Amino acid sequence: LLCGHIDAAHGHRMYDRVKAIMAHRAVLRWELLAETGALIAFWVVCYSYHGCFKAICYQMSVYVISSYCFSFFTQVSHLQEECFIDPKKLEELSFAKRQVASSMDFAADSPFWGHISGGLNTQAIHHCFPSVSAMHLRALYPKFRQVCKKHGVQLKEASSLGSFVWGFIQFAN
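Asker: Could you clarify how one ought to interpret the overall build of the chain in this entry?
Answerer: Of regular secondary structure, the chain possesses eight helices and two strands. Traced from its N-terminal end to its C-terminal end, the chain shows the element sequence α-α-α-α-β-α-α-α-β-α. Here the chain holds 173 residues, and 25% of them are scored as buried. Sequence-distant contacts, at least 24 apart, represent 58% of the contacts inside the chain between residues at least 6 apart.

In structure tokens, the structure reads:
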């Protein structure tokens, strides 16, 4: 499932880098340094234009909004009536089947919702393969559907954001 896909942009097999994590970290070193430099530059610009207090308030507002989005997507994905299974039946399931059984996905094929939710719209595959970056989950999802179907695992997918949220509201009431 995770290896063998050829990345058209680079011509190598996707996810091979995960096998050699130290080499992968070395490749990312400059990207991480650039991101850290951008964060420091952001602070310098905010501080110089707005002062320390406003700069901290601006950054905290970004953190608060991100936290609300994270909480929304993670909780709504799991607090659905369909995600709660009889504990005796749950004990019989394997690790991966339990992860799929306790998650509700929505718009798994949507680049927009994948980006906005940080990949949290695909909770089932995320819980089965937590070390795979969210940027790859959408590409892996069609194969994941096939594997679930092959093994008789019901993959729970909401047809829209509205039905996804409505399932949560019904569960909460």
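Asker: Explanation requested: unusual backbone geometry in the structure shown.
Answerer: Trans is the common state for peptide bonds, and a negative phi is the common state for residues other than glycine. Of note in this structure, Ala 107 is not a glycine but carries a positive phi near 45°. Assessed through its relative accessible area of 26%, Ala 107 is described here as partly exposed.

Asker: Would you take a moment to explain the state of the cysteines for this structure?
Answerer: Disulfides are covalent bonds that link the sulfur atoms of two cysteine residues. Scanning the model with the defined rule gives zero disulfides in all. Of the cysteine sulfurs around Cys 52, a residue in no disulfide, the closest is that of Cys 57, at 9.4 Å.

Rules used throughout
Residues numbered from 1 in each chain as written. Predicted model: local features only at pLDDT ≥ 70, side-chain atom pairs only at ≥ 80, totals over all residues. Heavy atoms only, no water. Helix = DSSP H or I, 4+ residues; strand = E, 2+ residues; numbered from the N terminus. Buried < 20%, exposed > 50% of the residue type's maximum accessible area, 1.4 Å probe, protein only. Contact = heavy atoms within 4.5 Å. Disulfide = S-S within 2.5 Å.

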